[in-house]
Amino acid sequence: MAKLEFKRVSEISRKEVAERIIALGHALASGSEVELGSGGDSISIVVADRVRWELEIEVDGNETEIEIEISWRDAPSEAAESAPAEKRDPPRRARARKSTPK
């Protein structure tokens, strides 16, 4: 399957960061499909029930960085496992789209 990467970097207020983290937490708690966005772009992804959580805090002089990484592997469905390899459809994990301003 082709690699998909969605990366946006912006400078926003501490409050806006908190709101985005809270929204992500609510989305993860309410179901497996999570929609994330930034700058008018958004992507929907399906998150596994069990994930790997990594927290890194780095202080270098006057710069502090916090990285939160959540990763998982998709489990193949039972139907896909029983189908011959050439008949299997690739799993659909994410779809990127441009959001319209509200």
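For the structure, see preceding data.
Everything numeric here is computed off the predicted structure, so don't read it as measured data.

1. So, the overall build of the protein
Then, number 1: When you go through the protein residue by residue, the secondary structure sums to two helices and five strands.
Then, number 2: Each helix and strand of the protein, placed in order from N terminus to C terminus, yields the pattern α-β-β-β-β-α-β.
Then, number 3: Buried positions account for 9% of the 102 residues belonging to the protein.
Then, number 4: In the protein, the share of contacts with a sequence separation of at least 24, taken over all contacts with a separation of at least 6, comes to 45%.
Then, number 5: Only carbon and sulfur atoms are counted for the fraction: they give 51% of the accessible area of the protein, which is about 9,200 Å².

2. A look at the nonpolar core
Buried together is how nonpolar side chains tend to be arranged in soluble globular proteins.
Then, number 1: Ala27, Val34, Ile43, Ile45 and Val47 together form the largest nonpolar core, which totals five residues.
Then, number 2: When near neighbours in sequence (up to four residues on either side) are disregarded, alanine 27 contacts Glu33 and Val34.

3. Concerning the pattern of salt bridges
Then, number 1: One pass over the full model with this rule turns up four salt bridges.
Then, number 2: A salt bridge links aspartate 41 to arginine 8, with the shortest nitrogen-to-oxygen separation between them at 2.5 Å. In this pair, aspartate 41 is assigned in strand β2 (residues 41-46) and arginine 8 in the segment before α1 (14-30), connecting sequence segments 33 residues apart.
Then, number 3: Taking relative accessible area as the criterion, aspartate 41 reaches 13% and is therefore assigned buried.
Then, number 4: The partly exposed category is assigned to arginine 8, whose relative accessible area is 40%.
Then, number 5: For glutamate 54, the salt bridge goes to arginine 52, with nearest N and O atoms at 3.2 Å.

4. Description of the environment of lysine 7
Then, number 1: Checked against the element boundaries, lysine 7 lands in the segment before α1.
Then, number 2: Residue classification places lysine 7 among the exposed residues on the basis of a relative accessible area of 59%.
Then, number 3: Sequence spacing of lysine 7 and glycine 37 is 30 residues, and the spatial spacing of their C-alpha atoms is 9.8 Å.

5. Details of a negative patch on the surface
Then, number 1: A contiguous patch of negative charge on the surface is contributed by Glu58, Asp60, Glu63, Glu65, Glu67 and Glu69.
Then, number 2: Secondary structure elements with two or more residues in the negative patch: β3 (52-60) and β4 (63-71).
Then, number 3: Among the elements that line the negative patch, the one with the most residues is β4, at four residues.
Then, number 4: Mapping aspartate 60 onto the fold places it in strand β3.

Each value, and the rule that gives it
Residues numbered from 1 in each chain as written. Predicted model: local features only at pLDDT ≥ 70, side-chain atom pairs only at ≥ 80, totals over all residues. Heavy atoms only, no water. Helix = DSSP H or I, 4+ residues; strand = E, 2+ residues; numbered from the N terminus. Buried < 20%, exposed > 50% of the residue type's maximum accessible area, 1.4 Å probe, protein only. Contact = heavy atoms within 4.5 Å. Areas by Shrake-Rupley, 256 points an atom, 1.4 Å probe, with all protein chains shown as cover. Core = buried A, V, L, I, M, F, W, Y, C linked by side-chain atoms within 4.5 Å. Salt bridge = Lys/Arg side-chain N within 4 Å of Asp/Glu carboxyl O. Patch = residues over 30% accessible without salt bridge, like charges linked within 9 Å, V, L, I, M, F, W, Y side chains within 5 Å. Lys, Arg positive; Asp, Glu negative; His and termini not counted. Charge placed at Lys NZ, Arg CZ, Asp CG, Glu CD.

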